[in-house]
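In case you want the letters, here they are:
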Amino acid sequence: MEEDMLNVVGIGPGNDGYITEVGKKIIAESDVLIGGKRNLEIFENFCGEKIVLGANLVEIKNYINENIEKNITVIASGDPSVYGIGKYLSKNVDNEKMEIIPGISSMQYMFSRIKVDMNDLYMTSSHGREPDFDYLLSHSKVCMVTDSKIGPREIAREIIKRDLKKTMAVGENLSYDNEKITIGKPEDILKIEKYDMNIVVILDDEQ
Ligand SMILES: C[S@@+](CC[C@H](N)C(=O)[O-])C[C@H]1O[C@@H](n2cnc3c(N)ncnc32)[C@H](O)[C@@H]1O
């Protein structure tokens with residue numbers, strides 16, 4: 001590993017068995033580990049400095065740029081380039097001094113679990129935005145990472161409103177011990193009042 005580097009490591013969907021060997025090695029050799037609280041907890045034996053990443057994105061970016069001589073690693077859930085911090089860091093840190101190490105996205109994990117290929121998939125997110133449901137639901141295969149405002153129930157209602165023939169798959173807590181995958185028509189999805197951290201797959205009934 002080169003010195004004066006920022007490494008951005010994808011740590012997979014959550015279960016530490018899904019972190020790549022390359023990612024593990026880079027993390028172990030780092031001086032500073034930056035990541036969300038839930039992600040940092042996985043590395044309880046990490047000996048260096050830990051910094052929690054939350055709403056302090058600009059502060060973290062400044063810290064990285066001012067301390068680039070340190071061996072800093074930012075950990076990101078899933079893959080950093082799939083609705084993760086990779087986009088922000090690639091725009092705000094000298095790319096010559098940054099490496100992104102891919103991880104298994106929650107999306108890839110989910111498609112393996114439901115045994116559906118990812119070919120021609122439309123990937124999207126509801127984080128901090130109001131989705132254009134007419135556009136989104138015009139695709140025959142969609143996967144959405146969700147937030148607390150727009151999740152499985154809201155998506156189900158939008159499908160019902162348009163009388164579309166779709167099947168949904170909701171993956172909660174993927175790769176964790178309490179993983180739950182629910183597959184059904186939008187009406188079935190609405191029968192469940194509350195979903196934990198999840199992603200949603202929406203498939204045309206005729207693929
Ligand atoms: C900011 S996005 C990060 C996505 C991540 N970069 C990836 O490749 O999976 C966070 C969202 O990803 C989804 N997510 C990440 N890990 C998950 C898991 N283990 N189970 C279910 N959803 C997950 C949830 O929708 C969560 O709100």
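Residues numbered from 1 in each chain as written. Predicted model: local features only at pLDDT ≥ 70, side-chain atom pairs only at ≥ 80, totals over all residues. Heavy atoms only, no water.

Novice: I keep staring at the sheet that holds strand β1 (residues 6-10) and nothing clicks. Help me out?
Specialist: Strand pairing in a sheet relies on backbone hydrogen bonds, with the paired strands running either antiparallel or parallel. Reading across the sheet, the five strands line up as β3-β2-β4-β1-β5 and stay open at both edges, with parallel pairing between neighbours. The sheet terminates laterally at β3 (49-52) and β5 (98-101), the two strands that pair on one side only. Across this sheet, the average inter-strand angle for adjacent strands is 20°, counted without regard to direction. One ladder, built from four bridges, connects strand β2 (residues 32-35) with β3; its direction is parallel. Opposite I34, over in β3, you have I51 as the bridge partner. Sheet strands in contact with helix α1 (residues 21-28) are β1, β2, β4 (72-76) and β5, and its direction is about 140° off that of β1. (Pairing = 2+ DSSP bridges. Helix = DSSP H or I, 4+ residues; strand = E, 2+ residues; numbered from the N terminus. Axes fitted to C-alpha atoms, helices over the stretch in contact; angles between N-to-C directions. Contact = heavy atoms within 4.5 Å.)

Novice: Looking at this structure, how should I read the site of the ligand?
Specialist: Around the ligand, the surrounding shell holds 18 residues, and the nearest of these are P13, V82, S106, T146 and N198. P13 places a main-chain nitrogen or oxygen 2.8 Å from a nitrogen atom of the ligand. Note that a nitrogen atom of the ligand is positioned 2.9 Å from one of the backbone N or O atoms of D79. Against a free-state accessible area of 570 Å², the protein chains account for coverage of 89% of the ligand. Here the residues of the shell around the ligand sort into eight nonpolar, nine polar and one charged. Two domains each put at least three residues into the shell around the ligand: domain 1 (6-104) and domain 2 (107-204). (Near = heavy atom within 4 Å. Polar contact = N/O pair within 3.5 Å; in protein donor to acceptor, adjacent residues only side chain to side chain. Areas by Shrake-Rupley, 256 points an atom, 1.4 Å probe, with all protein chains shown as cover. Nonpolar A, V, L, I, M, F, W, Y, C, P; charged D, E, K, R; others polar. Domains from an automatic or database assignment.)

Novice: What's the story with the domain arrangement of the protein in this structure? I'm lost.
Specialist: By a frequent convention, interface size equals the accessible area lost on bringing the separate parts together. Domain parsing of the protein yields domain 1 (6-104) and domain 2 (107-204). Spacing between the C-alpha centres of domain 1 and domain 2 amounts to 27 Å. Contact with domain 1, which involves nine residues of that partner, is made by twelve residues of domain 2. Note on domain 1 versus domain 2: buried area summed over both sides is about 860 Å², and carbon and sulfur give 62% of it. One can count zero salt bridges joining domain 1 with domain 2. On the surface where domain 1 and domain 2 come into contact, there are four residue pairs in polar contact (both at pLDDT 80 or more). Classifying every residue of the side of domain 1 that touches domain 2 gives five nonpolar, three polar and one charged. (Buried area = accessible area lost by both parts, 1.4 Å probe. Salt bridge = Lys/Arg side-chain N within 4 Å of Asp/Glu carboxyl O.)

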